[in-house]
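# Coordinate inspection notes
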Amino acid sequence: MIKEKKQKTEGFSSNFDPYQSILQKTYDKKIPFSAHWELTYKCNLSCMHCYATNASRNELTSIEIENTLEQLAQMGCLFLTFTGGEVFCRNDLLHILQSAKHMNFAIQLFTNGTLISEKIADTLAEIGLLSIEMSLYSTSPDIHDKITGTSGSHEKTINAIRLCRKRNINTTIKCPLLKYNISEYDNLRQYAEKIGAKFVFDFILVPADDGSKPMIDHGLSEQQIFEFLLANAGQKKTIPAAPNALAPICGAGSNVLCISPDGNISACLAFRKPIGNLRKAPIQQIWNSSSLDSLRASRYSDLVECRTCDAISYCPRCAGNALAECGNMLNKYESACTVANATKRAIEKLISGGANAT
Amino acid sequence: MNLTLNSVPQKTPDTVFRIIDEETVIVEPRKGMVTVINAVGSRIWELIDEKRTINNIVDIISTEYDIQPEEAKKDTLSFLRDLSEKDMISLS
């Protein structure tokens, strides 16, 4: 009579296979099952690759946030990620987290960790987060602080990671690999393993809100990514399947939404153009408007420049990033092409038995 | 505590959940676990309110789904035992 499906999950992972029926249902019915919420653009660090460059916003009040949480819960949102800026620059953050927990959200927190004290860590442990993700760019203070533009930030982040792990809070160390820290990959991975944290990394940098492109100065070249993958991705020796031509290009705007500090609603964190503001209309009304129709209807077969690309199986493309980088969410864009081509070359070389990077 | 018809189940405070079109997605954040239960399980989950006994829940399920009380009892007990073993509910 009662069937169960159970799965270990990292929260919002695209490898959420046992939940495919639920995810498909939320996609089909346009239920915003997961939401990213940028609570503030204020930040106490000055990371060189940051995209959130528009710091001055009329931020939502605690009461507006609580009202919105109620609306999101009614719409079927379950997974909620709070991010910034730096979320702890809001002095009501813990109250917001407690409200969200009370309303049955599974909460994930993105932070640099530098403002987390023993007392805050105690409260986070009490709340019971799905995970806390902290950006750590290196095990070397010099490299980390150079990237954050803030002397002493490494020590504070390391301390926060320690405080969280000491309380068994699910902790993920995340790190974009840049020109300056690519050699730190092994150290970071080993450090994470030693303290019982997860470790994730990424090659992709996204355009900043002011239109600048940090990837030009700070990102890795195709050759650097290729050599990195040859050295570090030995387990990924299978060629991934090409995406189904009729598959949606992503869940943004279908079962994923994003809220900015001042209440703008967008399809996801990567889509920086708002479709409405929750101070002017209920979220449900904004969500049901026609603004997202073209995104919701987009399929892989619509990717005219990409659908015949022989690296599409390896492509990390993101419609929002494409829009930001080249002005069209369906076109190819350099950051994704760089990673796709490097990954294709590396996997083919690994499969053919060669490991010498050339 | 043993699970009996007079037990009063309550959801573990650590669980969070959402009903999606009659199915319920239950997340245990600390464990990083997600469980999806079907419509009948969702109704039982909904009836767990720290007041109803398992017997009360069995009666409601038997009536609402038009099934024999013995079958409702067997399935409800089995389901709740499973939730209890996974620490998703506690009993008083």
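Residues numbered from 1 in each chain as written. Chains lettered and ligands numbered in written order. Predicted model: local features only at pLDDT ≥ 70, side-chain atom pairs only at ≥ 80, totals over all residues.

For chain B, the helix and strand inventory stands at three helices and five strands. Along the chain direction, N to C, the helices and strands of chain B fall in the order β-β-β-β-α-α-α-β. For 92 residues, the compact-globule formula gives about 12 Å, and the C-alpha radius of gyration of chain B, at 13 Å, lands near that figure. With the principal axes as the frame, chain B shows a C-alpha extent of 35 × 30 × 20 Å. Within the span of chain B, comprising 92 residues, buried residues form 36% of the whole. (Helix = DSSP H or I, 4+ residues; strand = E, 2+ residues; numbered from the N terminus. Rg over C-alpha atoms; globule rule 2.2 N^0.38 Å. Buried ≥ 20, exposed ≤ 12 C-beta atoms within 10 Å, placed from the backbone.)

Turning our attention to the overall build of chain A. In terms of regular secondary structure, chain A is built from 13 helices and ten strands. In terms of overall size, chain A behaves like a compact globule, its C-alpha atoms giving a radius of gyration of 20 Å where 358 residues would be expected to give roughly 21 Å. Counting only C-alpha atoms and orienting by the principal axes, one finds that chain A spans roughly 60 × 50 × 45 Å. For chain A, the residues scored as buried account for 44% of the 358 residues in total.

Residue and element names in this part refer to chain B. Contact pair helix α1 (residues 39-47) / helix α2 (residues 54-64): the axes reach a minimum separation of 10 Å and the direction vectors enclose 140°. The two elements α1 and α2 cross, and the hand of that crossing is right-handed. Facing α1, whose interface residues are V40, R43, I44 and L47, α2 presents I57, I60, I61 and E64. Taken together, the residues of the contact of α1 with α2 sort by class into six nonpolar, no polar and two charged. (Axes fitted to C-alpha atoms, helices over the stretch in contact; angles between N-to-C directions. Left-handed = near helix turned anticlockwise from the far one by under 90°. Contact = placed C-beta atoms within 7 Å. Nonpolar A, V, L, I, M, F, W, Y, C, P; charged D, E, K, R; others polar.)

Further remarks concern the pairing of strand β3 (residues 23-28) of chain B. Residue and element names in this part refer to chain B. With respect to burial, β3 is a largely interior element, five of its six residues being buried. Summarising the sheet, strand β2 (residues 16-20) and β3 pair through five bridges and their orientation is antiparallel. Paired with I20 across the bridge in β3 is E23. What sits between the antiparallel neighbours β2 and β3 is a turn of two residues, in which D21 has the positive phi angle 55°. Summarising the sheet, β3 and strand β4 (residues 33-37) pair through five bridges and their orientation is antiparallel. Among the inter-strand pairings, V25 is bridged to a residue of β4, identified as V36. Hairpin connection, β3 to β4: the antiparallel pair is bridged by four residues, and G32 has positive phi, about 70°. (Pairing = 2+ DSSP bridges.)

Residue and element names in this part refer to chain A. If you walk across this open sheet you meet the nine strands as β7-β6-β5-β4-β3-β2-β8-β9-β10, and the pairing is mixed. Two strands close off the open sheet at either side, each with one partner strand: β7 (198-202) and β10 (276-277). Sheet topology places strand β6 (residues 171-176) next to β7; five bridges connect them, and they run parallel. Bridge pairing in β7 links I173 to F199.

Turning to the confidence of the model for chain A, a few remarks are in order. Residues of chain A with pLDDT of at least 70 account for 92%, and the chain-wide mean is 90. Contacts for the low-pLDDT stretch residues 7-18 of chain A, under 50 throughout, to residues beyond four places or in other chains number 18 contacts. (pLDDT = per-residue confidence, 0-100.)

Here we take up the environment of I169(A). Position of I169(A) relative to the elements: it lies in the loop between α6 (153-166) and β6. Considering only alpha carbons, one finds I169(A) and K29(A), 140 residues apart in sequence, at a separation of 33 Å.

Residues and elements named next belong to chain A. Cis rather than trans, the peptide bond between G84 and G85 has omega equal to 15°. Looking at the element boundaries, G85 is found in the loop between β3 (79-83) and α3 (93-102). Residue K30 is not a glycine yet carries a positive backbone phi of 55°. For K30, the position within the fold is in the loop between α1 (20-28) and β2 (34-38). Of note, N168 is a non-glycine position whose phi angle comes to about 60°, a positive value. Here N168 is to be found in the loop between α6 and β6.

As a further point, take the nonpolar core. Within the largest apolar cluster, 123 residues are counted, with the highest numbers of intra-cluster contacts made by L80(A), A106(A), I107(A), C268(A), A319(A), V25(B) and V27(B). With six residues, the top contributor of residues to this core is helix α13 (residues 334-351) of chain A. When sequence neighbours within four positions are dropped, the list of residues in contact with I107(A) reads L80(A), F82(A), L97(A), A100(A), K101(A), L129(A) and L130(A). (Core = buried A, V, L, I, M, F, W, Y, C linked by C-beta atoms within 7 Å.)

Our next topic: the packing of α3(A) against helix α4 (residues 118-127) of chain A. Residues and elements named next belong to chain A. Interaxial distance between α3 and α4 falls to 10 Å at its minimum, and their mutual angle equals 10°. Regarding the angle of α3 to α4, the classification is roughly parallel. Counted together, L94, L97, Q98 and K101 of α3 and I120, T123 and I127 of α4 form the full contact between these two elements. The residue makeup of the contact of α3 with α4, split by class, is four nonpolar, two polar and one charged. (Parallel < 35°, antiparallel > 145°, perpendicular 65-115°, else oblique.)

Residues and elements named next belong to chain A. Taken across its six residues, β6 has five buried, putting it largely inside the fold. In terms of strand pairing, strand β5 (residues 131-135) meets β6 through four bridges, oriented parallel. For M134, the partnering residue across the bridge sits in β6 and is I173. This β-α-β element, β6 to helix α7 (residues 185-195) to β7, shows right-handed connectivity. (Right-handed = clockwise from strand over helix to strand, strands pointing away.)

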